Amino acid sequence: MEFQSKLNKIQDLTHPKQWPLVRQTYLDLVLAKMWKTVEAISIAPLEKTILLAHEPHTPADRRLVIVPIHQATSLSTAGISELFDTLIDAKLTNDGKELR
């Protein structure tokens with residue numbers, strides 16, 4: 001799929017307020033870090049779009065879950081735990097296996 005088409009597809013999945021942050025994170029991974037496998041998934045309970053990415057030179061089943069969060073966002077231990085619980089409940093899979 002062409003780069004702009006992928007970007008448009010990700011934009012369609014993303015809430016307009018979150019789009020600049022998701023776009024910048026995606027561009028950083030794909031253009032700056034040169035990662036080839038980066039997918040966007042909308043997680044409705046979080047009201048966020050997350051990125052599943054495969055870092056080059058790592059096993060294909062070791063994808064990373066990247067949650068774009070603005071640097072001004074205040075995070076607490078409870079908030080991070082809630083985020084992880086929601087991601088677990090979303091049952092993200094990696095070719096039929098749980099993400100690690």
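Quick summary incoming for the structure in this document.

## Let's talk about the sheet that holds strand 2 (residues 48-54)
In space, the three strands of this open sheet follow the order 1-2-3, with antiparallel pairing throughout. Edge strands, defined here as strands with exactly one partner in the open sheet, are strand 1 (37-43) and strand 3 (63-66). Across the sheet, the mean angle separating the axes of adjacent strands is 25° when strand polarity is ignored. As defined by bridge partners, strand 2 adjoins strand 3 across four bridges and the pair is classed as antiparallel.

## What about the environment of Leu29?
Along the polypeptide, Leu29 turns up in helix 2 (residues 19-32). Taking the C-alpha atoms as reference, Leu29 lies 9.8 Å from Leu51; in sequence the two are 22 residues apart. Contacts of Leu29, omitting those with residues within four sequence positions, involve Met34, Trp35, Val38, Leu51, Ala53 and Ile66.

## Section: the pattern of salt bridges
Taken as a whole and assessed by the stated rule, the structure comprises one salt bridge. Notably, a salt bridge pairs Glu39 with Arg63, separated by 2.6 Å at the nearest N-O pair. Within this pair, whereas Glu39 is found in strand 1, its partner Arg63 is found in strand 3, the two being separated by 24 residues in sequence.

## A short note on the environment of Lys6
Within the secondary structure, Lys6 sits in helix 1 (residues 3-13). Residue Lys6 is classed as partly exposed on the basis of its relative accessible area, which comes to 30%.

## Section: a nonpolar patch on the surface
A cluster of nonpolar residues, Leu75, Ile80, Phe84 and Ile88, forms a patch on the protein surface that exposes about 410 Å² of accessible area. By the element assignment, Ile80 lies in helix 3 (residues 77-89). For Ile80, a relative accessible area of 33% translates into the label partly exposed.

## So, the packing of helix 1 against helix 2
Packing of helix 1 against helix 2 brings their axes to within 10 Å, and their N-to-C directions diverge by 145°. Crossing of helix 1 over helix 2 shows right-handed handedness. Residues Phe3, Lys6, Leu7, Ile10 and Gln11 of helix 1 form the contact with helix 2, whose participating residues are Trp19, Val22, Arg23, Tyr26, Leu27, Val30 and Leu31. Tallied by class, the residues present in the contact of helix 1 with helix 2 amount to nine nonpolar, one polar and two charged.

## Let's talk about unusual backbone geometry
The phi angle at Met34 is positive, at roughly 65°, despite the residue not being glycine. Counting through the fold element by element, Met34 comes out in the loop between helix 2 and strand 1. The class of Met34 is partly exposed, set by a relative accessible area of 49%. Non-glycine residue Glu47 carries a positive phi angle of around 55°. Locating Glu47 in the fold gives a position in the loop between strand 1 and strand 2. For Glu47, a relative accessible area of 68% puts it in the exposed group.

Conventions used here
- Residues numbered from 1 in each chain as written.
- Predicted model: local features only at pLDDT ≥ 70, side-chain atom pairs only at ≥ 80, totals over all residues.
- Heavy atoms only, no water.
- Pairing = 2+ DSSP bridges.
- Helix = DSSP H or I, 4+ residues; strand = E, 2+ residues; numbered from the N terminus.
- Axes fitted to C-alpha atoms, helices over the stretch in contact; angles between N-to-C directions.
- Contact = heavy atoms within 4.5 Å.
- Salt bridge = Lys/Arg side-chain N within 4 Å of Asp/Glu carboxyl O.
- Buried < 20%, exposed > 50% of the residue type's maximum accessible area, 1.4 Å probe, protein only.
- Patch = residues over 30% accessible without salt bridge, like charges linked within 9 Å, V, L, I, M, F, W, Y side chains within 5 Å.
- Areas by Shrake-Rupley, 256 points an atom, 1.4 Å probe, with all protein chains shown as cover.
- Left-handed = near helix turned anticlockwise from the far one by under 90°.
- Nonpolar A, V, L, I, M, F, W, Y, C, P; charged D, E, K, R; others polar.

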